[in-house]
Structure formats: C-alpha cells, structure tokens
Amino acid sequence: MGKSSRRKGGDYEREVARAVHDALGTEARRGYQRKGGDEEPDVVGLPGWWPECKYGQRATISAQLEAGWEQATEGAAKGGAKPVLFFRAQRRETRVVLRLEDYLELLEGAGRAIEPERDGER
C-alpha cells in the first residue's frame, strides 16, 4: 500500500473517530496501528465494539469490505467485543456493517430507552 493510500486511510479513521466523539461525547481516537498488527481497532472509544474502517475508490471498495469484515471479526474475537465495519467510497457517505443479532440488540436497547416516554404519552 502506498503512502498516499495509508494517509487517506488514516484520515478516514480520524474522521470516524471525530464523528463518534461528537455523537457520544466519548474520548474516541484513531487506534494505534503497527504494520501487520491488530493491537487496537481502527477507532478506540467504542467500548464493546471492534471498529474497522475502509476507505477507497468505488471500484475497489467492495473487495475491501470482505477483508475489512474479516479484520473486524478476528479483532473482536480476540478483544471480547462485537465487530463493526465503517466504510466509505470516495464522494459517498459513510456506511456501517453489523451482524444482524448486534443490530437487533441495538434496536432493542433503543426501544427500552424510549419506552418511559411512550408510557407518559398514553
């Protein structure tokens, strides 16, 4: 991978970390990366999750998705976390990939968070 590609990938990881920080107020940051190492996820500050980030051209992003998902699931298994993949093709919006059971768990948690509000409306 060339220096420019690594820089763009790092920039994207910082972009995702900023978005997480802004949304949740956590101390999210880009993870420490070493060549061939998976000591930390691409974004640190999402407890219980192992985020991987992929950024690239539309023509190549689909090939990166499978590799990114493998990285996320392997890292999550080692770290006792749930995998999550953030990806964005150039000039597109960021998208997120989760396992179905993890997504449903998030929905269930969101439903519990708004239940008292629903009860008060009745």
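The rules behind each value
- Residues numbered from 1 in each chain as written.
- Predicted model: local features only at pLDDT ≥ 70, side-chain atom pairs only at ≥ 80, totals over all residues.
- Heavy atoms only, no water.
- Helix = DSSP H or I, 4+ residues; strand = E, 2+ residues; numbered from the N terminus.
- Polar contact = N/O pair within 3.5 Å; in protein donor to acceptor, adjacent residues only side chain to side chain.
- Contact = heavy atoms within 4.5 Å.
- Patch = residues over 30% accessible without salt bridge, like charges linked within 9 Å, V, L, I, M, F, W, Y side chains within 5 Å.
- Areas by Shrake-Rupley, 256 points an atom, 1.4 Å probe, with all protein chains shown as cover.
- Salt bridge = Lys/Arg side-chain N within 4 Å of Asp/Glu carboxyl O.
- Buried < 20%, exposed > 50% of the residue type's maximum accessible area, 1.4 Å probe, protein only.
- Expected span 1.5 Å × (residues − 1).
- Bend = angle between axes of the 7 residues up to and from the residue.
- Phe/Tyr/Trp six-rings, centres within 6.5 Å; stacked < 30°, edge-to-face > 60°.
- Lys NZ or Arg CZ within 6 Å of the ring centre and 35° of its normal.

1. Digging into the side chain of Arg88
So, point 1. Topologically, Arg88 is positioned in strand E4 (residues 82-89).
So, point 2. At 3.0 Å, the side chain of Arg88 forms a polar contact with the side chain of Glu15.
So, point 3. When residues no more than four places from it in sequence are discounted, the contact partners of Arg88 are Tyr12, Glu15, Lys54, Tyr55, Gly56, Ile61, Glu93 and Thr94.

2. Some points on a nonpolar patch on the surface
So, point 1. Where nonpolar side chains cluster on the molecular surface, the patch consists of Leu100, Tyr103, Leu104 and Leu107 and spans about 400 Å² of accessible area.
So, point 2. On the secondary structure map, Leu100 appears in helix H3 (residues 100-121).
So, point 3. Its relative accessible area of 58% is what places Leu100 among the exposed residues.

3. Focus on helix H2 (residues 58-79)
So, point 1. Given a rise of 1.5 Å per residue, 22 residues ought to cover 32 Å, and the 31 Å separating the end C-alpha atoms of H2 matches this to within 8%.
So, point 2. The sharpest bend along H2 reaches about 35 degrees and sits at Gln64.
So, point 3. Along H2, the positions that sit buried rather than exposed are Ile61, Gly68, Trp69, Ala72, Gly75 and Ala76.
So, point 4. Buried positions along H2 lie against strand E3 (49-56), E4 and strand E5 (95-97).
So, point 5. Following H2 by one or two positions, Gly80 adopts a phi angle in the positive range, close to 65 degrees.

4. Brief notes about the packing of aromatic side chains
So, point 1. Applying the stated rule across the entire model yields one aromatic pair.
So, point 2. Seen from their ring centres, Tyr12 and Tyr55 are 5.7 Å apart, and the 35 degrees between their planes marks the pair as tilted. Of this pair, Tyr12 sits in helix H1 (residues 3-24) while Tyr55 sits in strand E3; the two residues are 43 residues apart in sequence, bridging distant segments of the chain.
So, point 3. Taking relative accessible area as the criterion, Tyr12 reaches 2% and is therefore assigned buried.
So, point 4. Sitting over the face of the ring of Trp49, Lys82 holds its NZ or CZ atom 5.6 Å from the ring centroid.

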